[in-house]
Amino acid sequence: MSSVKTSPAPPPGAAADWTIPQDWRRYTPAEHAMWDRLFERQSNMLPGRVSPKFLQGLDVLRMTKPGIPDFDELSERLQNLTGWRVVAVPGLVPDDVFFRHLANRTFVAGRFIRTLAQIDYLQEPDIFHDVFGHVPLLANPVFADYMQAYGEGGLRSLGMNALHRLARLYWYTVEFGLIREDGDLRLYGAGIVSSYGESLFALDDPSPHRIRLNLRRAMRTCYKIDDYQQIYFVIDSYEDLLRQTVETDFAPLYAELDAVADLSVDALLPEDDVLTHGTQSYASASTACLEKEIG
Ligand SMILES: [Fe+2]
């Protein structure tokens, strides 16, 4: 995330809010086939691992239809369910633009799809990550409200030197969150559910810590951008995630967090509510506090 308070001008061809046409008709058969291949791999593996609300979202949005989704069709269904829309953007957008879209119940998505060489790892989020990973839960009214509340919190926080803390909250919930449902851990973060390897690792591997989410703890914790996570934060319900977000007064929390040291990705605190004390055996060489843009 950049630290600008007002966004630079959008790139040529983009509207004032940075959106661009999806140009759905321009996708090639090979691009549709890549979507289908990724979709089949994830949708075969996720039942029993992912939050049932995610699968319900795929179903009610009719995302099981073959080929890359058309954002207009998807938005029409989503708008009827929760008032959200999906729009295309040319890449990462400035923070204020991103937050404003979320606050207005608009999800910005990349329109390109990865190549075969990038099937298991790519740095910029593509349409499979953005749409398969993020959109199904936007059909859930509570999670949809959380995303809007996050965007509103982001807009209020501009100028408070807190973007890295908001990015961590997004990272540990929207991107890499776990949920405990009916006593079982399930996946809901888009970064996990759109990744074959991390969908297995996040639930099964003994290496990472898994602790219950509180906002203060998550916003104090660094994260890894280029490998599986060393710590996952677990929510009890989407209602609890929304409640924590709307009940938190962020400005004093930022001030409080500025007075204490950040926590590394492998740290545990005595007050943590630990579900899994990880072995950290997987941890790679990259443990620095390097953080990237949200989205
Ligand atoms: Fe994402």
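Summarised in this report is the structure supplied together with it. (Residues numbered from 1 in each chain as written. Predicted model: local features only at pLDDT ≥ 70, side-chain atom pairs only at ≥ 80, totals over all residues. Heavy atoms only, no water.)

1. Describing the pattern of salt bridges
Stated precisely, the cut-off is as follows: Should a side-chain nitrogen of Lys or Arg be within 4 Å of a carboxyl oxygen of Asp or Glu, the pair is scored as a salt bridge. Helix and strand assignments follow DSSP, with helices taken as H or I runs no shorter than four residues and strands as E runs no shorter than two, numbered in order from the N terminus. Burial classification: accessible surface area is computed with a 1.4 Å probe over protein chains only, and a residue below 20% of its type maximum counts as buried, one above 50% as exposed, and the rest as partly exposed.
Considering all chains together, one arrives at 20 salt bridges under this definition. Among the salt bridges present, the one from Asp-145 reaches Arg-105, with a minimum N-O distance of 3.2 Å. Of the two residues, Asp-145 is situated in helix α6 (residues 141–157) and Arg-105 in the loop between α4 (95–103) and β2 (106–109); the sequence distance between them amounts to 40 residues. Here Arg-105 falls in the buried class, since its relative accessible area comes to 16%. Taking the shortest distance from any N to any O, the salt bridge between Arg-212 and Asp-273 comes out at 2.9 Å.

2. Quick word on the packing of helix α1 (residues 29–45) against helix α9 (residues 196–204)
Put simply, the rule is: Helix axes are fitted only over the stretch in contact, all axes being lines through C-alpha atoms; the angle between N-to-C directions runs from 0 to 180 degrees. In this scheme, roughly parallel covers angles under 35 degrees and roughly antiparallel covers those over 145, while 65 to 115 is roughly perpendicular and the rest are oblique. Left-handed describes a crossing in which the near helix is turned anticlockwise from the far one by less than a right angle; the clockwise case is right-handed. Residues count as neighbours in contact if any of their non-hydrogen atoms are within 4.5 Å of one another. The classification used treats Ala, Val, Leu, Ile, Met, Phe, Trp, Tyr, Cys and Pro as nonpolar, Asp, Glu, Lys and Arg as charged, and all other residues, Gly among them, as polar.
At a minimum axis separation of 10 Å, α1 and α9 run at an interaxial angle of 15°. Of the possible angle classes, the one that applies to α1 and α9 is roughly parallel. As for the relative orientation of α1 and α9, their crossing is right-handed in sense. Contacts from Arg-41, Gln-42 and Met-45 in α1 reach Tyr-196, Ser-199 and Leu-200 in α9. By residue class, the composition of the contact of α1 with α9 is 3 nonpolar, 2 polar and 1 charged.

3. Quick word on the nonpolar core
Here is the rule: Nonpolar cores were defined as sets of buried Ala, Val, Leu, Ile, Met, Phe, Trp, Tyr and Cys residues, with membership established by side-chain atoms within 4.5 Å.
Trp-35, Val-131, Val-135, Phe-143, Met-147 and Leu-187 are the most contacted members of the largest nonpolar core, which totals 88 residues. Non-local contacts of Val-135, meaning those with residues more than four positions away in its chain, are made with Leu-61, Met-63, Leu-74, Leu-78, Val-86, Phe-107 and Asp-130.

4. Description of the pairing of strand β3 (residues 178–181)
The line we're drawing: When DSSP finds two or more bridges between a pair of strands, those strands are recorded as paired.
When β3 meets strand β4 (residues 184–187), the two strands line up antiparallel, connected through 4 bridges. Looking at the pairing, Ile-179 lines up with Arg-186 of β4. Here β3 folds back onto β4, and the loop between the two strands holds 2 residues, one of which, Asp-182, carries a positive phi near 50°. Note: β3 against strand β6 (residues 231–235), 2 bridges, orientation parallel. Looking at β6, one finds that Leu-178 is bridged to Val-234.

5. Quick word on α6
Note: α-helices contain 3.6 residues per turn, so residues at a spacing of three or four share the same orientation. The cut-off we apply is this: To estimate how far a helix should extend, the number of its residues minus one is multiplied by 1.5 Å.
Between its first and last C-alpha atoms α6 spans 24 Å; for 17 residues at 1.5 Å apiece the expected length is 24 Å, and the two agree. Buried within α6 we find Val-142, Phe-143, Ala-144, Tyr-146, Met-147, Gln-148, Ala-149, Tyr-150, Gly-151, Gly-153, Gly-154 and Ser-157. Two residues or fewer after α6 comes Gly-159, characterised by a positive phi angle close to 90°.

6. Focus: unusual backbone geometry
A positive phi angle, near 55°, is found at Asp-23, a position not held by glycine. Tracing the backbone shows Asp-23 in the segment before α1. Look at Asp-23 and you get partly exposed, because its relative accessible area is 34%. Non-glycine residue Gln-280 carries a positive phi angle of around 60°. Inspection of the secondary structure puts Gln-280 in the segment after β7 (274–276). The exposure class of Gln-280 is buried, given its relative accessible area of 16%.

7. Comments concerning the environment of Glu-239
Position of Glu-239 among the secondary structure elements: in helix α11 (residues 238–247). Glu-239 sits in the partly exposed class, given a relative accessible area of 48%. Considering only alpha carbons, one finds Glu-239 and Pro-141, 98 residues apart in sequence, at a separation of 9.8 Å.

8. Considering the side chain of His-32
Positionally, His-32 belongs in helix α1. If near-sequence neighbours (up to four positions away) are discounted, His-32 is found in contact with Trp-24, Tyr-27, Gly-67 and Ile-68.

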